Amino acid sequence: MKRNTNWLLAAVLLIGGLCMAGSAAAQVTLEVMNPRGEIPPPKTLGISPRGGNLDGKKIVLIDNGKYGASNFLDALADMLKQKYPTATIVMYPKPAAQTITDLPKWYPTVKQQGDLFVFGVGD
Amino acid sequence: MPGVYFTTTEFLDDAMSAAKDRGMPGIRTLALPADKYYVARANKQEVRPIVEAFFDKMVAALTRPLTAEEAHPDQARKQVESANIKVTGKDLLDASEKVNDLFLDNHWADGLPIVPPTPELVKAMEAGTTRSPKEVLGQVAPKNGTATVEKIAINSVMAGAKPEYFPVILAAMEGFLDKHYDLTHVVASTGSFTPVVIVDGPIAKELNFNSGIGMLGHGWRANSTVGRALQLSLLNLGQTWPQVNFMGLTGRLEAYTFYTFAEDTAKSPWEPYNVSQGFQAGDNTVTVSSSGNPVIFGGGAVAPWTAQGVIDQVVTQIRNRGVVWPHAQKHILVLHPDCAVELANHGYTRRSLQEYLYEQTRVPYEKLAKEVSFGQGTEEEFIRASIADGRIRPDRAQIFLDNLKPGGRIPVVQSPDDFHIVVAGGSPGYDLLFTYPGTNWAHQTKKVSGATLTKAGH
């Protein structure tokens, strides 16, 4: 009986092995090409140094023109004036519908308006 | 200048992606809760609790000293894309399925099955053009991936395009990459704008583009796979993905194939559309534009219509939109052949129809909006600013200036040329109006060239 069992086990292993060998032989490898383009990395910049507090600072609030941003920034201006009475609030909205090529000319003008900026609300 | 940037939770990934793309990944950003902000922003009182909740965080972001990483971030390294990839399966179907899973997991596919882009298939695709695989067509927004002929070929294989179509795909990509096509807006905006792709010339018939009944539908390999090749090329070369940096809120209605069709020059009573764009009759061209959801006019097979009635409906539709970014607006009116022939029988040429539309859609000065969308001030102020900075061309400016007064009628576009009239559709058919409400130009026509497998397009 034990001998028969061994034969049976051997047969199962043999058949199993053959099946595995068969499936290994039938394996298919596809070589495919990457569809993505290389991206030249931009120069990475740090952000501007900061410290201290908002007392006496000139804070520029930039409305990006999206609906409701003016309400958000108006409420923010109220709170800034209340909590930092010596700070000056400058509302400096982003010009309407600037073209992409125009924006680089506009952004440097923000710096002339004050010490710090808050931009919102992006979507 | 120290600053802080407010966005919302739904747009935080998009904001950080854009900051990284522009070389300032450390910009301090605060994300308002989207589910609360978009409802509360309607008035100052309702939005105040959100301001209060974020006030201290904003102050901290404006004043907290920089970390070393914020002050001196590591320089971004070139994103090295893997070379060819080997995928093994128990059989061809299994391997193909694994390729599909891999590509979708990597955000390299669109959700429908792709054809695995093997080097052999890509080489066959490249054989459709005389152009070198290494030729660079440009950088694709928003991440500025480099578009080579080879990379576009890979995406075209994935889309199921035939090599014969490849020169058309390349010409369309040249249109998208033109500096006067605002690709960033088209591929990223919340507006879910869809490119419009119009093939003109003998190559359209040779490649069996559909320009008749069902021209925007399924069943024509050229329409479907040329559009899909462009979609995949933009997705993979510009590297956009929904909810990350493609923020189209509904997604595009023609997400997989764009609005891709051919003009029916044989049934048109007028010269081919591309001739109106300065090309020669017989030239093969692709026009790429962009649109919100198109508006359908006419009666089709179920209701009577008149050609003049269709045009009147088009005029009403456009005039009711008002003056929206007149410096950049363009309208593509696709007339089905019967309607175009009827208009021609009534004496309209393409040019006279353009002029009619230009005149009839002008908006009374008194109806100019008091507030411009996405901006500040009145519509009149916006138009005057557009004249001052040259967006409205000097040769058209006087027409606007003369009409910015009571009793004046303001054009909705710069000139009659901004009404693009194309003939396509069935018999019976409907008429379509494609309008792109973007603030920049997004319309280009490019000549097909370099074809090796077709009689046309060499």
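About the thresholds
Here the residue index of a chain counts from 1 through its sequence in written order. Key to labels: chains lettered from A, ligands numbered from 1, both in the order written. Selection of residues for local features in this predicted model requires a pLDDT of at least 70, selection of side-chain atom pairs for listing and counting requires 80 or more, and totals for whole chains, interfaces and linings are taken over all residues. Domain start and stop positions are those given by an automatic or database domain assignment. Once C-beta atoms are placed from the backbone, any two residues with those atoms within 7 Å are in contact. Polarity classes work like this: nonpolar for Ala, Val, Leu, Ile, Met, Phe, Trp, Tyr, Cys and Pro, charged for Asp, Glu, Lys and Arg, and polar for all others, with Gly in that last group. Numbering of helices and strands runs from the N terminus, with a helix taken as a DSSP run of H or I at least four residues long and a strand as a DSSP run of E at least two residues long. One bridge is not enough; two strands pair if DSSP finds at least two bridges between them. Note on burial: count the other C-beta atoms lying within 10 Å of the residue's C-beta; 20 or more is buried, 12 or fewer is exposed, in between is partly exposed, and C-beta positions come from the backbone. Lines fitted to C-alpha atoms define the axes here, with helix axes fitted over just the stretch in contact, and angles between the N-to-C directions of these axes take values from 0 to 180 degrees.

**Q** When you look at the domain arrangement of chain B in this model, what are you seeing that I'm missing?
**A** One frequently used descriptor of interface size is the decrease in accessible area upon assembly of the parts. Residue and element names in this part refer to chain B. Along its sequence, chain B is organised into domain 1 (5-71) and domain 2 (92-361 + 416-447). Each partner contributes residues to the interface: domain 1 has six residues there, and domain 2 has five residues. Residues that form the side of domain 1 that touches domain 2 fall into these classes: two nonpolar, one polar and three charged.

**Q** I would appreciate a short explanation of the interface of chain B and chain A in the present structure.
**A** Tallying the contact residues gives 95 residues for chain B and 56 residues for chain A. Top contributing element to the side of chain B that touches chain A by residue count: helix α3 (residues 44-63) of chain B, with ten residues. Tallied by class, the residues present in the side of chain B that touches chain A amount to 45 nonpolar, 29 polar and 21 charged. The sheet contact formed by strand β4 (residues 116-122) of chain A and strand β1 (residues 3-8) of chain B spans four bridges and is parallel. When the sheet's bridge partners are listed, A:G122 is paired in β1(B) with B:T7.

**Q** Help me understand unusual backbone geometry, please; the structure alone is not making it clear to me.
**A** Both trends apply: most residues other than glycine have a negative phi, and most peptide bonds are in trans. All names here are of chain B. Here the amide bond leading from A141 into P142 is cis, since omega sits at 5°, within 30 degrees of zero. Its place among the elements puts P142 in the loop between β4 (136-140) and β5 (145-148). The omega torsion of the bond from S427 to P428 falls at 5°, within 30 degrees of zero and hence cis. You will see that F258, though not glycine, has its phi angle at about 55°, which is positive. The residue F258 is located in the loop between α11 (221-238) and β7 (259-262) in this model. Judged by the 26 C-beta atoms lying within 10 Å of it, F258 is buried.

**Q** Would you mind going over the sheet that holds strand β14 (residues 431-435) of chain B with me for this structure?
**A** Two orientations exist for strands paired in a sheet by backbone hydrogen bonds: parallel and antiparallel. Residue and element names in this part refer to chain B. Pairing is mixed in the open sheet, where four strands are placed in the order β9-β14-β10-β13. Both edges of this open sheet fall to β9 (295-297) and β13 (419-423), since each of them pairs with a single strand only. Pairwise comparison of adjacent strand axes, ignoring direction, gives a mean angle of 20° for this sheet. Sheet topology places strand β10 (residues 331-335) next to β14; four bridges connect them, and they run antiparallel. Following the sheet pairing, V334 is matched in β14 by L432. Docked against the sheet, helix α13 (residues 307-321) engages β9, β10 and β14, running at close to 155° with respect to β9.

**Q** Quick question: what am I supposed to make of the pairing of strand β8 (residues 285-291) of chain B here?
**A** All names here are of chain B. Counting buried residues along β8, seven of its seven residues qualify, which places the element largely inside the surrounding structure. By the bridge criterion, seven bridges tie strand β6 (residues 194-200) to β8 in an arrangement that is antiparallel. When the bridges of β8 are listed, V197 appears paired with V288. Pairing analysis gives four bridges linking β8 to strand β15 (residues 444-447), with the strands arranged antiparallel. The residue bridging T285 from the neighbouring strand is K447, located in β15.

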